[in-house]
Amino acid sequence: RKEVEQDPGPFNVPEGATVAFNCTYSNSASQSFFWYRQDCRKEPKLLMSVYSSGNEDGRFTAQLNRASQYISLLIRDSKLSDSATYLCVVNTPYSGAGSYQLTFGKGTKLSVIP
Amino acid sequence: DGGITQSPKYLFRKEGQNVTLSCEQNLNHDAMYWYRQDPGQGLRLIYYSQIVNDFQKGDIAEGYSVSREKKESFPLTVTSAQKNPTAFYLCASSPGTSGVGKNIQYFGAGTRLSVL
């Protein structure tokens, strides 16, 4: 089982639509969770951290279910500028040496259509 | 202007040549990382450094080398032993590696390496 799995998409949605991305992770010892956004041929940028209680930032809502090892991102009222690849990122134990590293999913591509 | 600077933006390597990618940060972050991204793939960790003068291998370290002589700098050398070096290379830094907020990584704009 891959460490962080995402539906690769693409998700093609009209402007104004609501779209949801899902992500599962395999290591139950994972501590921190994030969504990053990556535009075509650019670097990933932090979109938001994901907390157990769920958190919202404007049109974006992230949720975490530790029992199911599942993370979600909901985008409401999609804008053309939301078109990008969304990376699910999990902080997992690494090399058994007490260190943690970020493990990146392959990303889900979103295209918002006029 | 704080951030992470990678150079060059584009780099071409000849057969048998070693090339070095630069990464500098002025965020006063302790930890720095190098990733490789291939088309349609996730980021894969090459090397990381949690503190000056120390670094550790990541998942795909073979054919690469790094140094961390200064806190601000973490250059990556792609050696001739790396037989498939064409990829998008991303450098990142974080305040630390554990603790709330300390493991959030911030990325440079990347270097695209191609083989001639």
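In short, a report on the structure. Because the structure is a prediction, the values reported are computed rather than measured. (Residues numbered from 1 in each chain as written. Chains lettered and ligands numbered in written order. Predicted model: local features only at pLDDT ≥ 70, side-chain atom pairs only at ≥ 80, totals over all residues. Heavy atoms only, no water.)

All names here are of chain A. By the alternation rule, side chains of strand β11 (residues 108–113) split into T108, L110 and V112, which are all buried, and K109, S111 and I113, of which none is buried. Of the strand pairs in this sheet, strand β2 (residues 11–14) and β11 are connected by four bridges, and their pairing is parallel. Among the inter-strand pairings, P14 is bridged to a residue of β11, identified as I113. With three bridges joining them, strand β9 (residues 84–94) and β11 adopt antiparallel strand pairing. When the sheet's bridge partners are listed, A84 is paired in β11 with L110. (Buried < 20%, exposed > 50% of the residue type's maximum accessible area, 1.4 Å probe, protein only. Helix = DSSP H or I, 4+ residues; strand = E, 2+ residues; numbered from the N terminus. Pairing = 2+ DSSP bridges.)

A cis amide bond links A:G9 with the next residue in sequence, A:P10, at an omega value of 5°. Along the chain, A:P10 turns up in the loop between β1 (4–6) and β2. At the junction of B:S7 and B:P8, the peptide bond is cis and its omega measures out at -10° in the coordinates. One non-glycine residue, B:N28, adopts positive backbone phi at about 60°. Looking at the secondary structure, you find B:N28 in the loop between β3 (19–25) and β4 (31–37).

Turning our attention to the layout of surface pockets. If you add up the space inside the largest pocket, you get close to 620 Å³. If you add up the space inside the second largest pocket, you get close to 480 Å³. Taken together, 24 residues form the lining of the second largest pocket, with A:E3, A:V4, A:T103, A:F104 and B:L43 sitting closest to its centre. Among the secondary structure elements, those contributing two or more residues to the lining of the second largest pocket are β1, β9 and β10 (99–104) of chain A together with β5 (43–51) of chain B. Counting residues per element, the lining of the second largest pocket draws most heavily on β10(A), at four residues. Counted by class, the lining of the second largest pocket contains nine nonpolar, nine polar and six charged residues. (1 Å grid on protein atoms, 1.4 Å probe; cavity = no way out; pocket = protein on both sides within 12 Å on 5 of 7 lines; lining within 4 Å. Points joined across faces, edges and corners; volume = space filled by probe spheres on them. Nonpolar A, V, L, I, M, F, W, Y, C, P; charged D, E, K, R; others polar.)

Residue and element names in this part refer to chain A. On the basis of which strands lie adjacent, the open sheet formed by five strands has the order β1-β3-β8-β7-β6 and antiparallel pairing. Two strands close off the open sheet at either side, each with one partner strand: β1 and β6 (55–57). Direction aside, neighbouring strands of the sheet carry axes that sit 20° apart on average. Summarising the sheet, β6 and strand β7 (residues 60–65) pair through three bridges and their orientation is antiparallel. Its bridge partner being in β7, N55 is matched across the sheet by A62. (Axes fitted to C-alpha atoms, helices over the stretch in contact; angles between N-to-C directions.)

Note that all results are geometric; they support no functional claim without further evidence.
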